[in-house]
Amino acid sequence: MEEAEQAWERNGRIAAWGCRWFQVWKEKVEEAVRQEQTLKVVFFPGQVGQGKVAWKDLATVPDLWDGIGCGGSQKCEVAYLDMMQEKCGQDWHYEGVDVVNFLKNEFAKGKVVNAFDGKQWCRGELLARPTLGSRSKPSPEDPNKKEQVLQCRVQSHGKVFTTERVRHRDDIQKLLHSVGKDQFLEIMKQILPDDVKIVRHEDSILPNGTDCLQTEIQVETVEAMQELRNAILNHNFEISLNQELLARQHGTLQLCVNKTHFCQSYEQQLLSISKLTRHQAEKYKEIKEKLSTAVHLSSVAGAGKTFLAVELMIDALKQNSSGQVLFVAPSASLSLHFLRWLGRRAAREKFDFEGLLDRVLVMIPPYKCLMKCCIKDKSIDLIPCLPASDPAKQSLLLQIIDEAQDVFFDNVHHDFLHSISSGCKRQLLLSSQCQCSSVPQELFPDIPTIRLTEVIRSTQRIVAGAAVFHSAARVKENLKSVCPDGPPVKTFIFNRPAGIDSVDRHVLYDVYVQKTVAGIWHAVRSYAGLSLHNRLGLLVPNDEFLQQFKQLLDLALKEHFPMRDFELVTYEESLSILPPDLQAGLAVDDKGGQSEMNEMSEMIILDHMENCKGLENLIVMCIGLDEPIGTQSETAATRARLYRGITRAQVQAIVINEHISGGWLEFLGFLKYEPAKFEESKALEEAKAEAAAQVISARPERNPEKDATLTDTSRSHASESKNQEKKTSAVNATTTLVWDTDDNDLNTDTTAAIQKLMFDPRFCCWCLMVLNCFVHGLTGTTPARRSRTSRSRRSRGCEIRPHRPRGAKRQPPGRPGPPAPRPRQPRPTLRWPVSAAPGSPERPPGGRGVPRGEGRRRGRPWRPRPCHSAALCSNLRPRGVRPAAAGSKGLRGQQGHQRRHALGPCETKRPHGSGEPADGKSMKCKVC
């Protein structure tokens, strides 16, 4: 058990394959032996009894999967049966069965099965029982080698073919027959969200040959679509469905949703949907009213600004039978994504896709020519069509500039773009200030600006996590997400290996690869049954990191995922392949072959940050994006990179980074995930809205002389701190609803050496700072915020008392009682001298001071004693009431003074009001 636990730790806390499976199998076999049932072992064709391995030799055999007798897992089972037969006798005896004889009984003549005809799965009828055949399987040792296989003759839709792949098709039919189709659909209606309706259902076959019930649903709103997506991916729909079947005594079969097939339909429908949310509809109407000139649409990431741009472009093409539109983007990958989106949206409007592409022009860096789109070999290509020497001949219906904060702020000459824009009055600029890599500033102040604040792409936890890196406090105003809460943002923060310098970083890349593999395992376990094809994005900081990281990761994926065919591609390579629903003239059989290929080969996106602008994936890993907080420009660029990386994720964001001393992500070492009930408002309040902007504004401008040493000094700080004496960190740990930091790998020396965080967005730490400021007193600096009571006492010239501890009773003014608790250390108080003349700089506003001497009780603020008489005095007034004019006795002042007279005698000669006689003599009320 200890060895297994050690192996579990070495393997990244991933259990060895097959452990739980063997335990369950053993329990079932023991139950069969107790009931005196006959055990049977199925062997490969013609190999009954071959390939056996003794129980004691299992750990030493080099290859259990040698293709002799049975598979490797079955050899372990047979070895256990042989061992138990030696110990316990004939009760554990088993019979060897040839798989040919076994399948003849399972697949009889005339039975309806699912069969693979070479291109796709279909339903057919068996013309004969399975027979033993052979096929060539050449090898380097024997080019003419053949292997025995089982073959079946199947008839489907009048076509007869021979196949080696057949499956049962009656499981789902048995369930529907026992439950009833109508009752089963009623159960589904109860579980689905309110705005989701079942249109129709039919028997179908999945791309892997599994028999299934295919249900077509209609989703009314984007909110319902996002809620349904989360319910499917986090298994809540499956759990609710099976629990309901079990409650109705139909729990013999467990149903599951094919998440890959669902995501394919979801991704296609999401890009073709035309119904706007209420917030989008309001902004869309406002855009159309102002679009006679240039309009600036600004939003946070994932708010749907590109969605509105697609709607405007479709509307412009529908209203005008001729003319072209222009789309400008900072990368080719974003242009390809926009064209795919436009094609799926145009399919709903019955547009011809190739004819649509003829009317769309594209411009990408270096912005020196226009480009046309064409389809070639089922892929989209961008071809230059108009040189820079002839820009005036182009008349445009609409011009859309996406990610405008990068198009116009990348130090590139835009002469050709400006010449094109001069001929088009209708221009729409899309931007996100939080993604701007420069120092925060107001974008396009001369253009009418419309703002989107409702996120429709990312879950609430992703939105709250990205809010930590907002460029300005106002971005957080009215911010919300229509999506469900989703899983927490997963983090893998680890210690930098010792002795790593900027020259030899091979060991550091190895650690990044290990943590990335752990992150992929987390995604595989969390979304079991989901193909990661074009749904997982790995984002790295730059091209240099990409080249070093890709080689090591490719080898690691083949080692850790031998049963899955992962292929690492860039965004441009992935998006250039036309999806099956947009492939012109695609036959039905080709669609099946395309789906089969996608099931077997899974493309994982691996690209650097410059190519991910405006794009999104279901799952995103941000790898090595953090940098030390240095000069102002570098700090702003790192902040934008982190914000952009996290907001590329739709459902799951994962952050993988080494511990950077003085970096943006250092605060993650002091967070503890609290799996409590999630509330979006509380999650957004975890971080200060102005934290990132304050850090950037406080940094110095770029200094070329210090740039060379700034990064090395910050990075070496963590290794140098290990040689110092152990300290207790002055940074407090806090709980969070957003970040899952359980897999952070930071030793105690690293966190203990941190005395102050360069960037700490946690709101609770700000509250502790203000509280400490009150407890320790003010020593010449005023805190950013102060309670109303403290401000009023300072204006009256009173000392500021320590904060009253929780549970301590407040003493009424003027009444005897125990003094307030005093701190252990003497704290300075703020006093104003009584002898100061009115209007002098040393006297506080209002003209009143703090009396000294016997009239002041130790540890309590001075308060004037009330007068003894119930008569009225014009010089006394309650707090907050302006002094009356000369000779006037206002009713409010009289009533307030009347209450004070009733409390006791008055010995104080200073007035309650702020005025004094002109001769400077002391005075008392008329009655006194």
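Structure: above.
Residues numbered from 1 in each chain as written. Predicted model: local features only at pLDDT ≥ 70, side-chain atom pairs only at ≥ 80, totals over all residues. Heavy atoms only, no water.

**Q** Which residues make up helix 3 (residues 72–88), and what values go with them?
**A** With 17 residues, helix 3 should reach 24 Å at 1.5 Å per residue; the first-to-last C-alpha distance of 24 Å fits that figure. Listed as buried for helix 3 are Gly72, Ser73, Lys75, Cys76, Glu77, Val78, Ala79, Tyr80, Leu81, Met83 and Met84. Trailing helix 3 by a residue or two, Gly89 shows a phi angle of about 95°, which is positive. (Helix = DSSP H or I, 4+ residues; strand = E, 2+ residues; numbered from the N terminus. Expected span 1.5 Å × (residues − 1). Buried < 20%, exposed > 50% of the residue type's maximum accessible area, 1.4 Å probe, protein only.)

**Q** A description of the nonpolar core should follow, citing residues and the corresponding values.
**A** Ranked by size, the top nonpolar core spans 170 residues in total, and within it Leu428, Phe469, Trp739 and Phe759 carry the most contacts. In terms of residues, this core owes the most to one element, helix 17 (residues 506–526), which gives 10 residues. Non-local contacts of Phe759, meaning those with residues more than four positions away in its chain, are made with Val468, Phe469, Ile629, Gly663, Trp664, Phe667, Ala691, Ala692 and Val695. (Core = buried A, V, L, I, M, F, W, Y, C linked by side-chain atoms within 4.5 Å. Contact = heavy atoms within 4.5 Å.)

**Q** Any chance you could break down helix 21 (residues 632–646) for me, citing the residues and the numbers?
**A** With 15 residues, helix 21 should cover 21 Å at 1.5 Å per step; its first-to-last C-alpha distance of 22 Å lies within 8% of that length. Burial within helix 21 is extensive, with 12 of its 15 residues counted as buried. Listing the buried residues of helix 21 in full gives Gln632, Thr635, Ala636, Thr638, Arg639, Ala640, Arg641, Leu642, Tyr643, Arg644, Gly645 and Ile646.

**Q** Which residues make up unusual backbone geometry, and what values do they have?
**A** Here Pro365 and Pro366 are connected by a cis peptide whose omega angle stands at 10°. In this fold, Pro366 is placed in the loop between strand 13 (360–363) and strand 14 (370–376). Here Phe444, not a glycine, exhibits a phi torsion of approximately 50°, which is positive. For Phe444, a relative accessible area of 13% translates into the label buried. Its identity is not glycine, yet Asn478 carries a phi of approximately 60°, on the positive side. Tracing the backbone shows Asn478 in the loop between helix 16 (460–466) and strand 20 (480–481). Note on Asn478: relative accessible area 67%, which makes it exposed.

**Q** Any chance you could break down the packing of aromatic side chains for me, citing the residues and the numbers?
**A** Following the criterion strictly, the structure yields 22 aromatic pairs and no others. Where Phe667 meets Phe759, the ring centres are 5.8 Å apart and the plane angle is 85°; that geometry is what we call edge-to-face. With Phe667 in the loop between strand 26 (649–658) and strand 27 (671–673) and Phe759 in the loop between helix 25 (748–752) and helix 26 (763–776), this residue pair connects regions lying 92 residues apart in the sequence. By the burial criterion, Phe667 is buried, and Phe759 matches it. Taken together, the aromatic side chains of Phe22, Trp25, Trp55, Tyr80 and Trp92 make up a single cluster linked through ring pairs. The lysine or arginine in question, Lys111, covers the ring of Phe107, its NZ or CZ lying 5.8 Å from the ring centre. (Phe/Tyr/Trp six-rings, centres within 6.5 Å; stacked < 30°, edge-to-face > 60°. Lys NZ or Arg CZ within 6 Å of the ring centre and 35° of its normal.)

**Q** I'd like to hear about empty space enclosed by the protein, residue by residue, with values.
**A** This model, assessed by the stated rule, comprises 5 cavities of 30 Å³ or more. Estimates place the volume of the largest cavity at around 310 Å³. Together, 24 residues line the largest cavity, and Gly304, Trp341, Ile456, Arg457 and Glu616 are the ones closest to its centre. For the lining of the largest cavity, the secondary-structure elements that each account for two or more residues are helix 7 (222–233), helix 9 (259–272), helix 11 (305–319) and helix 12 (332–348). Its residues assigned to classes, the lining of the largest cavity comprises 11 nonpolar, 7 polar and 6 charged. (1 Å grid on protein atoms, 1.4 Å probe; cavity = no way out; pocket = protein on both sides within 12 Å on 5 of 7 lines; lining within 4 Å. Points joined across faces, edges and corners; volume = space filled by probe spheres on them. Nonpolar A, V, L, I, M, F, W, Y, C, P; charged D, E, K, R; others polar.)

**Q** Which residues make up the sheet that holds strand 29 (residues 739–740), and what values do they have?
**A** Ordered in space as 23-24-22-25-26-21-29, the 7 strands form an open sheet in which the pairing is parallel. With one partner strand each, in any of the chains shown, strand 23 (565–569) and strand 29 form the two edges of the open sheet. Two strands pair when backbone bridges link them, and strand 21 (residues 489–494) and strand 29 are joined in this way by 2 bridges, in the parallel orientation. For Val489, the partnering residue across the bridge sits in strand 29 and is Trp739. Running at roughly 155° to strand 26, helix 17 makes contact with strand 21, strand 22 (536–540), strand 25 (617–623) and strand 26 of the sheet. (Pairing = 2+ DSSP bridges. Axes fitted to C-alpha atoms, helices over the stretch in contact; angles between N-to-C directions.)

**Q** Lay out the packing of helix 17 against helix 18 (residues 543–560) in plain terms, naming residues and giving numbers.
**A** Two elements in contact, helix 17 and helix 18, have axes separated by 9 Å at closest approach and are oriented at 50°. With respect to each other, helix 17 and helix 18 are oriented oblique. Crossing hand, helix 17 versus helix 18: right-handed. Side by side, helix 17 and helix 18 meet where His506, Tyr509, Asp510, Tyr512, Val513, Thr516, Val517, Ile520 and Trp521 of the first sit next to Glu544, Phe545, Gln548, Phe549, Leu552, Leu553, Ala556, Leu557 and His560 of the second. Its residues assigned to classes, the contact of helix 17 with helix 18 shows 12 nonpolar, 4 polar and 2 charged. (Parallel < 35°, antiparallel > 145°, perpendicular 65-115°, else oblique. Left-handed = near helix turned anticlockwise from the far one by under 90°.)

**Q** Please give an account of the side chain of Glu311 that cites residues and values.
**A** With respect to the secondary-structure elements, Glu311 resides in helix 11. By relative accessible area, which is 10% here, Glu311 ends up buried. Excluding its chain neighbours within four sequence positions, the residues that come into contact with Glu311 are Ile273, Ser274, Leu276, Tyr284 and Arg345.

**Q** Go over the pattern of salt bridges with me, naming the residues and quoting the values.
**A** Within this structure, the stated rule accounts for 30 salt bridges. Note that Arg248 and Glu244 form a salt bridge whose closest N and O atoms lie 3.2 Å from each other. What makes Glu244 partly exposed here is its relative accessible area of 26%. With its nearest N and O atoms 3.3 Å apart, the salt bridge here joins Lys290 to Glu286. In this pair, Lys290 and Glu286 both sit in helix 10 (residues 278–290), 4 residues apart, roughly one turn of the helix. Linked through salt bridges whose partners overlap, the residues forming this network are Glu311, Lys318, Arg345 and Glu349. (Salt bridge = Lys/Arg side-chain N within 4 Å of Asp/Glu carboxyl O.)

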